[in-house]
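Topology and contacts: notes
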Amino acid sequence: MAEQPDENQATELRNTAVDQLKEGGWITSPAIEAAMRKVPRHLAVPEASLEDAYSAYNAVITQEDEHGNHISSVSAPQIQAMQLEQADIGPGDNVLEIGTNGPNAAYLAELVGHTGQVTTVDIDPAPADRAKRFLTETGYTDVNVIVADAENGLAEHAPYDAIVVTVGAWDIPPAWIDQLKDDGRLVVPLRINGLTRTYAFIR
Ligand SMILES: C[S@@+](CC[C@H](N)C(=O)[O-])C[C@H]1O[C@@H](n2cnc3c(N)ncnc32)[C@H](O)[C@@H]1O
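Before going into details, it helps to say that this report is about the structure given with it. (Residues numbered from 1 in each chain as written. Predicted model: local features only at pLDDT ≥ 70, side-chain atom pairs only at ≥ 80, totals over all residues. Heavy atoms only, no water.)

**Concerning the overall build of the protein**
Across its full length, the protein carries seven helices and eight strands. What you see for the protein is a C-alpha radius of gyration of 16 Å, in line with the 17 Å of a compact globule of 203 residues. Taken over the C-alpha atoms alone, the protein extends approximately 45 × 40 × 35 Å along its principal axes. Counting the 203 residues in the protein, one finds 47% classified as buried. Across the protein, every contact between residues at least 6 apart in sequence was considered, and the portion connecting residues at least 24 apart equals 53%. If you sum the accessible surface of the protein, you get close to 10200 Å²; carbon and sulfur atoms cover 50% of it. Charge centroids of the protein, computed over 13 positive and 31 negative side chains, lie 4 Å from each other. (Helix = DSSP H or I, 4+ residues; strand = E, 2+ residues; numbered from the N terminus. Rg over C-alpha atoms; globule rule 2.2 N^0.38 Å. Buried < 20%, exposed > 50% of the residue type's maximum accessible area, 1.4 Å probe, protein only. Contact = heavy atoms within 4.5 Å. Areas by Shrake-Rupley, 256 points an atom, 1.4 Å probe, with all protein chains shown as cover. Lys, Arg positive; Asp, Glu negative; His and termini not counted. Charge placed at Lys NZ, Arg CZ, Asp CG, Glu CD.)

What follows is the structure, encoded as structure tokens:
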């Protein structure tokens, strides 16, 4: 039987990571702080140590291809906090996350509350399954988890107040803009001249 995680230690490590991100200026909004203090992200990565699950600045790699390239991960809390701050999400918002694994969708669900809607989509069924299991286990059952190539967004649940892209992109497909409401935000890590930076665009 798998060893059960020490929940007190998990809570302590989670709070330490959030404290570090506040000190580093990555978390400024109280709602994002509350969400990141609440979501038990270690349950999404039972194969990782609690220390790795709560490392503020490192991702947990969850999948590699046959050449050892990383093809899926739970993003580092620092990256997630930065993107959540950029997305400026509030209660009642309709949000699309592109690229899933669970923890970030749970943060989004906390931010939109019961009157909002979160849809998270992945091209690969394995991260989608991980997200589904995690979101069910942690009670975020209202999140829509979908397997699809989101290069053309996801028209099904549009229009969105925000689209948060959690996979690197070289370009912005027109569908991502078309599926935003007026004043909606697109947050996307763009590779420009070999450097990836996360940008926020307002429609
Ligand atoms: C960094 S991981 C997502 C992390 C997740 N947001 C979290 O909770 O931390 C990026 C994911 O994007 C997915 N992905 C890559 N290309 C995609 C596409 N065209 N459409 C949807 N998902 C895609 C990958 O399969 C991978 O699981």
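From this point, the discussion proceeds with the structure in view.
**Comments concerning the side chain of Gln83**
Take Gln83: it is sitting in helix α4 (residues 77–87). We classify Gln83 as buried; its relative accessible area is 4%. Apart from the residues lying within four places of it in its own chain, the contact partners of Gln83 are Val164, Val165, Thr166, Val187, Pro189 and Thr198.

**Re the pairing of strand β1 (residues 60–64)**
Where a strand is regular, its side chains alternate between the two sheet faces. Bridge analysis of β1 against strand β2 (residues 70–74) gives four bridges, and the strand direction is antiparallel. Bridging across to β2, Ile61 finds its partner in Ser73. Taking the residues that link successive antiparallel strands as the turn, the β1-β2 hairpin has five residues, and the phi of Gly68 there is positive, at about 85°. (Pairing = 2+ DSSP bridges.)

**Describing the sheet that holds strand β5 (residues 144–147)**
Overall, mixed pairing links the six strands, which are arranged β5-β4-β3-β6-β7-β8 in an open sheet. Strands at the two margins of the open sheet, each flanked by one partner only, are β5 and β8 (195–202). Pairs of neighbouring strands in the sheet enclose a mean axial angle of 15°, with direction left out of account. As defined by bridge partners, strand β4 (residues 117–122) adjoins β5 across four bridges and the pair is classed as parallel. Across the sheet, residue Thr119 finds its bridge partner in β5, namely Asn144. Lying on the sheet, α4 is in contact with β6 (160–165), β7 (180–192) and β8; it crosses β7 at an angle near 150°. With respect to the sheet, helix α5 (residues 103–112) is in contact with β3 (94–98), β4 and β6, its orientation differing from that of β4 by roughly 165°. (Axes fitted to C-alpha atoms, helices over the stretch in contact; angles between N-to-C directions.)

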